[in-house]
2 protein chains.
Amino acid sequence: MLAPGVLSSMTAPMLGHLDPAFLAIMDDNQSLLRQVFDTTNRLTVPISGTGSAAMETSVVNVLEAEDEIIVGIAGYFGERLAEMARRCGARVHEVREAAGRTIPPEKIEKALGDHPKAKAVALIHAETSTGACQPLEEVGQLVRRHGSLFIVDAVTSLGGMPINVDANHIDICYSCSQKCLGAPPGLGPITLSERATHAARERSTPVQSWYLDMALLTKYWGSERTYHHTAPVTMNYALNAALHLAVGEGLAQRYERHKRVGELLEQGLEGLGFRLFVDAGHRLPMLTVVECPPRVDAETLRKRLLQEYSIEVAGGLGEQRGKLLRIGLMGYGAQERNVQYLLYALGKLLDRKPA
Amino acid sequence: MLAPGVLSSMTAPMLGHLDPAFLAIMDDNQSLLRQVFDTTNRLTVPISGTGSAAMETSVVNVLEAEDEIIVGIAGYFGERLAEMARRCGARVHEVREAAGRTIPPEKIEKALGDHPKAKAVALIHAETSTGACQPLEEVGQLVRRHGSLFIVDAVTSLGGMPINVDANHIDICYSCSQKCLGAPPGLGPITLSERATHAARERSTPVQSWYLDMALLTKYWGSERTYHHTAPVTMNYALNAALHLAVGEGLAQRYERHKRVGELLEQGLEGLGFRLFVDAGHRLPMLTVVECPPRVDAETLRKRLLQEYSIEVAGGLGEQRGKLLRIGLMGYGAQERNVQYLLYALGKLLDRKPA
């Protein structure tokens, strides 16, 4: 669900992608994204692709063939990042935990000890496939001390909870437009620290992707305005409207709203007999993942929710396919009444009253 | 300018990217794109990025390190394609002509003779930097006879003139959403022949871009619906509305409209003392490129058109910067009254009556 103001923003008259009025929107989007990332990084732009394009941007700009990277994997999106790094020719050192868990800082510390030349460490902040929230602060400190780059996937978390890019010593952080930021899918915000920018500049081979080459994108989004590609104009309108809504609400208030609504959902689901997939203390506010009660088929439930109540919830990915429900309450959708309606619908379908 | 129906399509309720109702729109977009490409290629999808992402997709899926490719270069976008091919590690054999000219088939034939192992030949159908239209038929025949793949950039031409992908023996053809198709920028339609699909399947190394890997995209857009990325939902609404408008108008009628309006513009500009940059017989209908009359500064004229008349025309790219005006009349914008208004404005600014 999109806020009405975001929807209507897309019917504004089309501006040329180099029209001064559109360039002003591009500047404004950069400035607003710095606020939600909580960073002073100059290089903060929306990639003209989805969150996966931003993920690829995060590795492709700093990794060259034979570079080493440590990747924390406890779900589908950690696997994906590792795969993208391998396609850069990098040597990937995987630090694995079971799906639903988070990566302990000691394991990253040990991996850095085993692989002292690792150029980067990558973690998924909000693992969309499991609903687990990865703590960042301690890892950020030890990666910085080691001198490596810290890459963080905030696809599901940005705009719904604090990321604190600068305070957490994150060098590259990226997200998408359609989750907690509340715009439609199609853009992938990313921010690079001076250290990351420097690493990209010092590489000895060209970035293998021309489309995602941050050095070229910098000239387009910077004062030179050197033509690179045609920015998706209407998508940038929508992102602008969504970011103004987020900042206007107040980021602290917005995070609090996601937390309050997420907890309400957790309690309600437990009352209906669902089991929360992630341990307390590591659950995401904007994405709640549950196993169904005994003798309830997750896929049947999903289909009936969509067909009979127009409620869309996601299923498990990869190994969790058919086993889990993943329920997102993000951006404009993070409202109490959506929780109540979902719990009502689930109660009806399971033929029981919420406890 | 967008047609009103395309603008309003984007305010339709957001569907989930795996919602059956959205999957039906994805299928419909594939089917409609086959019509404008004039192909039966099963693998015909909009890439979730701009035309430049589609260009990168065209080379990155078939080229591996040390592969050879022949690239025709007579402007900025030929240079770009060659650069992308080099970033795949390919050996690029350039066939050059001056900006504004087209590549003679004999030169391609000679290049194929000199480099018999060339895996692909790439040409820009409509060179957006110069306004030249590259003939395809003869080159298509000789590339097919040679057994190489024929890659064609139709970023500016698709939807505004015939491409005839199958009849011209084109193996990979790509475009963008915002020019003659008449949707906003943000998607890059592409089509791959069975031969191109086979070449991608037979490669010995993974495609270096995960985001643009057609084998993965095929599973997402095909019947498996294996999750790859989140398709830009509203952009696909807009593309759907725009493609229905195009097919509803009749493609032959649409091409005729672009031709009629383009010729009207050419005549009017010559009457005002502009010199057409491309020789007769090789001019694009949807993009007219001119040199300014003596003592008229192109950049000043562009700025005044935008500020005083809200008319946006493009300037020269690369070496042609500051020397040319590039005037697009594409999709919904290809209307007689837009030509008349532009000629009126230019007449006023140059203080002379159209001849």
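Residues numbered from 1 in each chain as written. Chains lettered and ligands numbered in written order. Predicted model: local features only at pLDDT ≥ 70, side-chain atom pairs only at ≥ 80, totals over all residues.

Draft legend 1. The overall build of chain A, seen in detail. From N to C terminus, chain A includes 12 helices and 13 strands. For 355 residues, the compact-globule estimate of 2.2 N^0.38 gives 20 Å, and the C-alpha radius of gyration of chain A, at 20 Å, lies within 12% of that figure. Along the longest, intermediate and shortest principal axes, the C-alpha atoms of chain A span 60 × 55 × 30 Å. For chain A, the residues scored as buried account for 53% of the 355 residues in total. Restricting to contacts in chain A with at least 6 residues of sequence separation, those with at least 24 account for 69%. (Helix = DSSP H or I, 4+ residues; strand = E, 2+ residues; numbered from the N terminus. Rg over C-alpha atoms; globule rule 2.2 N^0.38 Å. Buried ≥ 20, exposed ≤ 12 C-beta atoms within 10 Å, placed from the backbone. Contact = placed C-beta atoms within 7 Å.)

Draft legend 2. Broad picture of the relation of the copies chain B and chain A. It takes a turn of 180° to lay chain B on chain A, together with a shift of 0.0 Å along the axis; the resulting RMSD is 0.0 Å. The transformation just described matches what one would write down for a two-fold rotation axis. If distances are taken from each C-alpha of chain B to the rotation axis, the shortest is found for G49(B), at 2.5 Å. (Least-squares fit on C-alpha atoms with pLDDT ≥ 70 in both.)

Draft legend 3. Region of interest: the domain arrangement of chain A. All names here are of chain A. Domains assigned within chain A are domain 1 (4-248) and domain 2 (251-350). Its C-alpha centre places domain 1 at a distance of 26 Å from the equivalent point of domain 2. Counting residues at the interface gives 24 residues for domain 1, matched by 22 residues for domain 2. Elements supplying a minimum of two residues to the side of domain 1 that touches domain 2: α2 (20-37), β6 (132-133) and α9 (233-249). Grouping the constituent residues of the side of domain 1 that touches domain 2 by class yields 12 nonpolar, 11 polar and 1 charged. (Domains from an automatic or database assignment. Nonpolar A, V, L, I, M, F, W, Y, C, P; charged D, E, K, R; others polar.)

Draft legend 4. How the structure looks around the pairing of strand β2 (residues 68-73) of chain B. Residue and element names in this part refer to chain B. Most of β2 is tucked away, with 5 of its 6 residues classed as buried. Bridging between β2 and strand β3 (residues 91-96) involves 6 bridges; their strand directions are parallel. Within the sheet, the bridge partner assigned to E68 lies in β3 and is R91. Between the parallel elements β2 and β3, the chain passes through helix α4 (residues 76-87) in a crossover that is right-handed. Pairing of β2 with strand β4 (residues 120-124) involves 3 bridges; the strand directions are parallel. Pairing of I69 across the sheet is with A120, part of β4. (Pairing = 2+ DSSP bridges. Right-handed = clockwise from strand over helix to strand, strands pointing away.)

Draft legend 5. Looking closely at helix α10 (residues 251-271) of chain A. Residue and element names in this part refer to chain A. Counted at 1.5 Å a residue, the expected span for α10 with its 21 residues is 30 Å, and the 30 Å between its end C-alpha atoms agrees. R254, H258, V261, G262, L265, E266, G268 and L269 are the residues of α10 that are buried. One or two residues past the end of α10 sits G273, with phi positive at roughly 95°. (Expected span 1.5 Å × (residues − 1).)

Draft legend 6. Representation of the pairing of strand β1 (residues 43-47) of chain A. All names here are of chain A. Most of β1 sits out of view: 5 of its 5 residues are buried. Pairing of β1 with strand β9 (residues 188-192), which is carried by 5 bridges, proceeds in the antiparallel orientation. Of the residues in β9, the one forming a bridge with P46 is P189.

Draft legend 7. Highlighting the interface of chain B and chain A. Taken residue by residue, the interface counts 38 residues in chain B and 38 residues in chain A. Counting residues per element, the ones that place at least two in the side of chain B that touches chain A are α1 (4-9), α3 (51-60), α4 and α9 (233-249) of chain B. Across the side of chain B that touches chain A, the residue classes break down as 18 nonpolar, 15 polar and 5 charged.

Draft legend 8. Expanded view of the packing of helix α10 (residues 251-271) of chain B against helix α12 (residues 336-350) of chain B. All names here are of chain B. Between α10 and α12, whose axes approach to 9 Å, the crossing angle comes to 15°. Taken together, α10 and α12 sit at an angle that is classed as roughly parallel. In the crossing of α10 with α12, the sense of the turn from one axis to the other is right-handed. Here α10 contributes V261, L264, L265 and G268 to the contact with α12, which in turn contributes E336, V339 and L343. Taken together, the residues of the contact of α10 with α12 break down into 5 nonpolar, 1 polar and 1 charged. (Axes fitted to C-alpha atoms, helices over the stretch in contact; angles between N-to-C directions. Parallel < 35°, antiparallel > 145°, perpendicular 65-115°, else oblique. Left-handed = near helix turned anticlockwise from the far one by under 90°.)

Draft legend 9. A look at the nonpolar core. Residues A85(A) and A85(B) are the most contacted members of the largest nonpolar core, which totals 226 residues. Excluding anything up to four places from it in sequence, A85(A) contacts V59(A), L63(A), I69(A), V71(A), A90(A) and V92(A). (Core = buried A, V, L, I, M, F, W, Y, C linked by C-beta atoms within 7 Å.)

Draft legend 10. Broad picture of α12(B). Compared with an ideal rise of 1.5 Å per residue, which puts 15 residues at 21 Å, α12(B) spans 21 Å between its outermost C-alpha atoms and is within 8% of the ideal. Following α12(B) by one or two positions, D351(B) adopts a phi angle in the positive range, close to 60°.

Draft legend 11. Looking closely at the sheet that holds β4(B). Residues and elements named next belong to chain B. Taken in spatial order, the 7 strands of this open sheet run β1-β9-β8-β7-β4-β2-β3, and their pairing is mixed. Of all the strands in the sheet, the pair left with one neighbour each is β1 (43-47) and β3. Averaged over all pairs of adjacent strands, the angle between strand axes in this sheet comes to 15°, irrespective of strand direction. The sheet contact formed by strand β8 (residues 172-174) and strand β9 (residues 188-192) spans 3 bridges and is antiparallel.

Draft legend 12. Structural detail: the sheet that holds strand β13 (residues 324-328) of chain B. All names here are of chain B. The 4 strands are arranged β10-β11-β13-β12 in an open sheet whose pairing can be described as antiparallel. With partners counted over all chains shown, the strands left at the sheet margins are β10 (275-276) and β12 (314-315), one partner each. Sheet strands in contact with α10 are β10, β11 (287-291) and β13, and its direction is about 10° off that of β11. Contacting β12 and β13, helix α11 (residues 298-309) runs over the sheet at an angle of about 35° to β13.

Draft legend 13. Fine view of unusual backbone geometry. Residues and elements named next belong to chain A. Phi is positive for H169, which is not a glycine, with a value near 55°. Positionally, H169 belongs in the loop between β7 (149-153) and β8 (172-174). The class of H169 is buried, set by 21 C-beta atoms lying within 10 Å. The backbone phi angle of R225 is positive, close to 55°, even though this residue is not glycine. Note that R225 resides in the loop between α8 (214-221) and α9. Its 13 C-beta neighbours within 10 Å are what place R225 among the partly exposed residues.

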